[in-house]
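# Summary of the model geometry
These are the residues of each chain, in order.
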Number of protein chains: 2
Amino acid sequence: MDSLNSLTGIPQYIRIREDLRTRILSGELSRGEKLPSEEELAASYGVSRMTLRQSMSDLVDEGLLYRKHGVGTFVALQHFARDHSYLQNFFENSRQNGLSVDEKILEMSVIPARLQVAKALGLLEGSQVIRLKTLRIVEGNPITIHEAYFSFDKFSDFVENDVENLSKDLLAYYESHGLKVRRGVQRLDARSAEPEVAALLAIEVGAPILYKERTLYTEEGIPVEFLFCHNRGDLYSVTFNLSAE
Amino acid sequence: MDSLNSLTGIPQYIRIREDLRTRILSGELSRGEKLPSEEELAASYGVSRMTLRQSMSDLVDEGLLYRKHGVGTFVALQHFARDHSYLQNFFENSRQNGLSVDEKILEMSVIPARLQVAKALGLLEGSQVIRLKTLRIVEGNPITIHEAYFSFDKFSDFVENDVENLSKDLLAYYESHGLKVRRGVQRLDARSAEPEVAALLAIEVGAPILYKERTLYTEEGIPVEFLFCHNRGDLYSVTFNLSAE
DNA sequence: GAGTGGTCTAGACCACCCG
DNA sequence: GGGTGGTCTAGACCACTCG
């Protein structure tokens, strides 16, 4: 099988999937429209039906297509945007949205993990962890106080590095140590700003805060980072997708 | 092929998937353990490798397994719990968690949709919509003010029915009208309780509220319901999974 | 080189939906 | 009955990892 990498080293089902996606998003295939049958499409792409189905299944999972057994496959009316249900880099993402962003390091220290942090990271209470506390500023407004914890054992070189830069892409930093972050669990609640938080975010004491706790894991399920953050309620919101099943 | 429905009408890949899931969750296959190769497993289940892969791919997507190309397939160290990233029924879910829950209907009316509601539901501004406003009470504490909107055109019989009961499972009600809700988009922020909200939730004016807006869709992408809710910040939090890509 | 997962084929029969 | 998606097979070769 060498038509597999026709041009580049990309599998056929991915090339076909992206071609279909492009045709949908460009409007060539319009919303609600019925696609040709799987057999026809497979023939037109010159692949087997199983391969074509692999392409389409990805798009069905994304909500771009839906299938009706015995009827056909259709372009969904509503296309679901990507959002906070997947991992992304705050700085890159903000810039893509045309926002000016900045970050100020408030504190970087190596401390013994308190129980909550140790538990989240799968360490013993009191193990050495790095605490990185930063203030994120969007369009001149301080918006988030970020407090990340990760193992000093695994990342001892962090403290000897250009923290200013590393802190802007911790995921890349973790990956440089062989830990690819692939999943996470996040918890949100609303609370009132304590004096220290209020001062840093330039809001009144008692103003609403969107509080977030998050643990990140590799695909193996190894915890890599535990994070708290306090976000200004009036300037920060979180959007995410829901799905059945 | 008639081994397909060996016992019930359940496809093999689903039976195999659930068997594997059980073996993992029961601890028979322990965390971090390497599974037999796909070929071996396929043989032991008496199916082709493609069929076995279909079973395993589902579990990989869930985060129960992970694959290493050229090495093998392993049980993840961390199993990801299901949570607010999927649709669920508040009442059923709360009871499963052993909580006593109750709901009080505050208002049910048919009104012209204001712009935000109309837009979310794909209707024209001023179209007739049903507004259902309820107060949800957990363990005796009022916790959420729920305000749902849906098309009067599609659901005109709602107002003639036992609203008290229907309101406890709107998803089932929508489905009884041929609209299966499969996806949604949700937005959260933190805000301060207005006097009316504070009174209903029995909290002080200005106390933190976790505010949620949500639109629900069928798999075809037809919007079915638009919802606001105000949740007590100190008693309500939202957990959801993140994933890469 | 041996073993693993990743991709792919060229068929097959089934279940479902519609006219 | 004809068309569609859903499931399944019994192979094949490739890419990757490891010793």
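Residues numbered from 1 in each chain as written. Chains lettered and ligands numbered in written order. Predicted model: local features only at pLDDT ≥ 70, side-chain atom pairs only at ≥ 80, totals over all residues. Heavy atoms only, no water.

In the superposition of chain B on chain A (RMSD 0.1 Å, axial shift 0.0 Å), the rotation amounts to 180 degrees. Those values place the two copies in the arrangement expected of a two-fold rotation axis. (Least-squares fit on C-alpha atoms with pLDDT ≥ 70 in both.)

On to the interface of chain B and chain A. Chain B puts 52 residues into the contact, and the matching count from chain A is 52 residues. Across the interface of chain B and chain A, roughly 4,400 Å² is buried in total on both sides, 57% from carbon and sulfur atoms. Interface area lost by chain B to chain A is led by B:Arg183, B:Phe240 and B:Leu242, which between them contribute 17%. Here A:Lys68 and B:Glu220 are joined by a salt bridge, their closest N and O atoms 3.1 Å apart. Taken together, the connections running from chain B to chain A amount to 20 residue pairs in polar contact (both at pLDDT 80 or more). A class-by-class count of the residues in the side of chain B that touches chain A yields 23 nonpolar, 14 polar and 15 charged. With six bridges connecting them, strand β9 (residues 238–243) of chain A and strand β6 (residues 181–192) of chain B associate as antiparallel partners. Pairing of A:Val238 across the sheet is with B:Leu188, part of β6(B). (Contact = heavy atoms within 4.5 Å. Buried area = accessible area lost by both parts, 1.4 Å probe. Salt bridge = Lys/Arg side-chain N within 4 Å of Asp/Glu carboxyl O. Polar contact = N/O pair within 3.5 Å; in protein donor to acceptor, adjacent residues only side chain to side chain. Nonpolar A, V, L, I, M, F, W, Y, C, P; charged D, E, K, R; others polar. Pairing = 2+ DSSP bridges. Helix = DSSP H or I, 4+ residues; strand = E, 2+ residues; numbered from the N terminus.)

Here we take up the protein's contact with DNA strand C. Around DNA strand C, the surrounding shell holds 29 residues, and the nearest of these are A:Gln12, A:Ser48, A:Thr51, B:Arg49 and B:Arg53. Close to the protein, within 4 Å, the atoms of DNA strand C belong to sugar or phosphate groups at a rate of 61%. A:Tyr13 places a polar side-chain atom, nitrogen or oxygen, 3.0 Å from a phosphate oxygen of DNA strand C. In this structure, B:Arg67 approaches DNA strand C through a side-chain N or O atom, which is 3.1 Å from a phosphate oxygen. (Near = heavy atom within 4 Å.)

This part takes up the side chain of A:Lys212. Residue and element names in this part refer to chain A. Topologically, Lys212 is positioned in strand β7 (residues 208–218). There is no salt bridge for the buried Lys212, and the closest opposite charge comes from Glu225, which lies 8.8 Å off by N-O distance. When residues no more than four places from it in sequence are discounted, the contact partners of Lys212 are Gln186, Arg187, Leu188, Leu227, Phe228, Cys229, Asn231 and Tyr236. (Buried < 20%, exposed > 50% of the residue type's maximum accessible area, 1.4 Å probe, protein only. Lys, Arg positive; Asp, Glu negative; His and termini not counted.)

On to the sheet that holds strand β3 (residues 101–112) of chain A, then. With respect to topology, seven strands assemble into an open sheet ordered β3(A)-β4(A)-β5(A)-β8(A)-β7(A)-β6(A)-β9(B), the strand pairing being antiparallel. Edge positions in the sheet fall to β3 of chain A together with β9 (238–243) of chain B, since each of these pairs with one other strand and no more. If you compare each strand with its neighbour and ignore which way they point, the axes differ by 20 degrees on average. (Axes fitted to C-alpha atoms, helices over the stretch in contact; angles between N-to-C directions.)

Attention shifts here to the protein's contact with DNA strand D. The local shell around DNA strand D holds 29 residues, among which A:Arg49, A:Arg53, B:Gln12, B:Ser48 and B:Thr51 are the closest. Within the side chain of A:Arg67, a nitrogen or oxygen atom sits 3.1 Å from a phosphate oxygen of DNA strand D. Of all the secondary-structure elements, those providing two or more residues to the surface near DNA strand D are α2 (38–45), α3 (49–62), β1 (65–68) and β2 (72–75) of chain A together with α1 (12–25) and α3 (49–62) of chain B. Looking at the surface near DNA strand D, the element that brings in the most residues is α3(B), giving four residues. Of the residues belonging to the surface near DNA strand D, the class tally is nine nonpolar, 13 polar and seven charged.

Residue and element names in this part refer to chain B. Here His230 lies in strand β8 (residues 223–232). The exposure class assigned to His230 is buried, which follows from its relative accessible area of 18%. The residues touching His230, leaving out its near neighbours within four places in the chain, are Ile143, Thr144, Ile145, Val197, Leu201, Ile209, Leu210 and Tyr211.

Here a ring pair, both rings aromatic, is described through the centre-centre distance and the interplanar angle of the planes. All names here are of chain A. All chains considered together, the criterion is met by 29 aromatic pairs over all chains. Ring centres of Tyr211 and Phe228 lie 6.3 Å apart, and the angle between their planes is 35 degrees; this geometry places the pair in the tilted category. Pair noted here: Tyr211 is in strand β7 and Phe228 is in strand β8 (residues 223–232), with a separation of 17 residues, a long-range link. The same class applies to Tyr211 as to Phe228, namely buried. (Phe/Tyr/Trp six-rings, centres within 6.5 Å; stacked < 30°, edge-to-face > 60°.)

In this section: the nonpolar core. Formed by 59 residues in total, the largest nonpolar core has its most connected members in A:Phe150, B:Phe150 and B:Phe158. The residues contacting B:Phe150, other than those within four sequence positions of it, are B:Leu121, B:Val129, B:Ile130, B:Leu132, B:Phe155, B:Phe158, B:Leu170, B:Tyr173, B:Tyr174 and B:Val224. (Core = buried A, V, L, I, M, F, W, Y, C linked by side-chain atoms within 4.5 Å.)

Counting across every chain of the model gives 40 salt bridges over all chains. With a shortest N-O distance of 2.9 Å, A:Glu107 and A:Arg131 are connected by a salt bridge. A residue pair is termed long-range when its members are at least 10 positions apart, and A:Glu107 in strand β3 and A:Arg131 in strand β4 (residues 128–138) qualify at 24 residues. Here B:Arg49 makes a salt bridge to B:Glu38, at a shortest N to O gap of 2.9 Å. With B:Arg49 in helix α3 and B:Glu38 in helix α2 (residues 38–45), this residue pair connects regions lying eleven residues apart in the sequence. Residue B:Glu38 is classed as buried on the basis of its relative accessible area, which comes to 11%. Shared partners join several salt bridges into a network, and the residues in it are A:Arg17, A:Glu18, A:Arg21, A:Asp58 and A:Glu62.

As a further point, take the pairing of strand β7 (residues 208–218) of chain B. Residue and element names in this part refer to chain B. Taking burial as the measure, the eleven residues of β7 include eleven buried ones, the bulk of the element. With burial as the criterion, each face of β7 is covered, one bearing Pro208, Leu210, Lys212, Arg214, Leu216 and Thr218 and the other bearing Ile209, Tyr211, Glu213, Thr215 and Tyr217. Where β6 and β7 come together, eleven bridges link them in antiparallel fashion. The residue of β7 that forms the bridge with Gln186 is Arg214. Where β7 and β8 come together, nine bridges link them in antiparallel fashion. If you follow Lys212 over to β8, its bridge partner there is Cys229. The hairpin turn running from β7 into β8, its antiparallel successor, is four residues long, and Gly221 in that turn takes a positive phi close to 95 degrees.

For chain A, the assigned domains read domain 1 (2–75) and domain 2 (80–239). Once you take the C-alpha centre of each, domain 1 of chain A and domain 2 of chain A turn out to be 38 Å apart. (Domains from an automatic or database assignment.)

Here we come to unusual backbone geometry. Excluding glycine, residues mostly carry a negative phi; peptide bonds, for their part, are mostly trans. Residues and elements named next belong to chain A. Notably, Glu139 is not glycine yet its phi reads approximately 50 degrees, a positive angle. Relative to the elements of secondary structure, Glu139 occurs in the loop between β4 and β5 (141–151). Note on Glu139: relative accessible area 45%, which makes it partly exposed. Notably, Ala202 is not glycine yet its phi reads approximately 55 degrees, a positive angle.

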